[in-house]
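Structural overview for review
Listed below, chain by chain, are the residues.
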Amino acid sequence: MGKLIEDFESYRTKMNDRIMDTANTNIKRFFALDTTTYADGALDVKTKEMLGLVASMVLRCDDCIKYHLGKCHEAGVKHDEMNEVFMIANLVGGSIVIPHYRRAVEYWDELNGVGL
């Protein structure tokens, strides 16, 4: 696992644990809703994660982008599929998405062991 992935996963886990230690019922329900929304249903997990990635890129949330890139990788998204996801995000989001696209490609490469 590369440094980008390790740093992100470590921080996310640490802070999610911290939040859950003091979270009220509404926060816990929100986290649960997020988890169950991405489960298999009429759409499979892979499709839902690609949709989540496009939305995250358009909304320009780097943490969300990394999270969904990791989930896409786990779901078996291939490089050519990812390139199409990136193109949709750039088309919908416009040129403001390009800096996030750069970081997404870097993170995707690390997930796939490219350039290490």
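Residues numbered from 1 in each chain as written. Predicted model: local features only at pLDDT ≥ 70, side-chain atom pairs only at ≥ 80, totals over all residues. Heavy atoms only, no water.

Looking at an unreviewed UniProt entry, one finds the protein chain named Alkylhydroperoxidase and attributed to Mucilaginibacter xinganensis.

One recurring pattern in soluble globular proteins: nonpolar side chains tend to sit buried together. Membership of the largest hydrophobic core comes to 19 residues, with the highest contact counts inside it found for Leu53, Met57, Leu69, Cys72, Met82, Phe86 and Trp108. If you list the elements that add at least two residues to this core, you get α1 (3-22), α3 (45-59), α4 (62-74), α5 (79-93) and α6 (98-111). Apart from the residues within four sequence positions on either side, cysteine 72 is in contact with Glu49, Met50, Leu53, Val77, Met82 and Trp108. (Core = buried A, V, L, I, M, F, W, Y, C linked by side-chain atoms within 4.5 Å. Buried < 20%, exposed > 50% of the residue type's maximum accessible area, 1.4 Å probe, protein only. Helix = DSSP H or I, 4+ residues; strand = E, 2+ residues; numbered from the N terminus. Contact = heavy atoms within 4.5 Å.)

Counted under the stated rule, the structure contains four salt bridges. Across the pair lysine 3 and aspartate 7 runs a salt bridge whose closest N-O atoms are separated by 2.7 Å. Taken together, the positions of lysine 3 and aspartate 7, both in helix α1 and four residues apart, correspond to about one turn of that helix. Assessed through its relative accessible area of 62%, lysine 3 is described here as exposed. (Salt bridge = Lys/Arg side-chain N within 4 Å of Asp/Glu carboxyl O.)

Our focus in this paragraph is the environment of glutamate 106. With respect to the helices, strands and loops of the structure, glutamate 106 is situated in helix α6. C-alpha separation for the pair glutamate 106 and asparagine 26, spaced 80 residues apart in sequence, amounts to 35 Å.

Here we come to the side chain of asparagine 90. Here asparagine 90 is to be found in helix α5. For asparagine 90, the side chain forms a polar contact with the main-chain oxygen of phenylalanine 86, separated by 2.8 Å. Dropping the residues within four chain positions of it, asparagine 90 is found in contact with Val97, Ile98 and Tyr101. (Polar contact = N/O pair within 3.5 Å; in protein donor to acceptor, adjacent residues only side chain to side chain.)

A few words now on the environment of glutamate 81. Residue position: glutamate 81 is located in helix α5. Taking the C-alpha atoms as reference, glutamate 81 lies 9.0 Å from methionine 50; in sequence the two are 31 residues apart. Setting aside its immediate chain neighbours within four residues, glutamate 81 contacts Lys46 and Gly76. One polar contact links glutamate 81 to lysine 46, side chain to side chain, over a distance of 2.9 Å.

The next subject is a nonpolar patch on the surface. A grouping of Ile88, Leu91 and Val92 is seen on the molecular surface, where their side chains present a nonpolar patch of about 340 Å² in accessible area. Relative to the helices and strands, leucine 91 is located in helix α5. Classification of leucine 91 as exposed rests on a relative accessible area of 73%. (Patch = residues over 30% accessible without salt bridge, like charges linked within 9 Å, V, L, I, M, F, W, Y side chains within 5 Å. Areas by Shrake-Rupley, 256 points an atom, 1.4 Å probe, with all protein chains shown as cover.)

Attention now goes to α6. For α6, which comprises 14 residues, the first-to-last C-alpha distance of 20 Å matches the rise-based estimate of 20 Å (1.5 Å per residue) to within 8%. Within the sequence span of α6, burial applies to His100, Ala104, Tyr107, Trp108, Glu110 and Leu111. One face of α6 carries all of its buried residues, which in axial projection span an arc of 155°. Looking at the buried side of α6, the elements it contacts are α1, α3, α4 and α5. Glycine 113 sits one or two positions beyond α6 and adopts a positive phi of about 70°. (Expected span 1.5 Å × (residues − 1). Arc of directions from axis to C-beta.)

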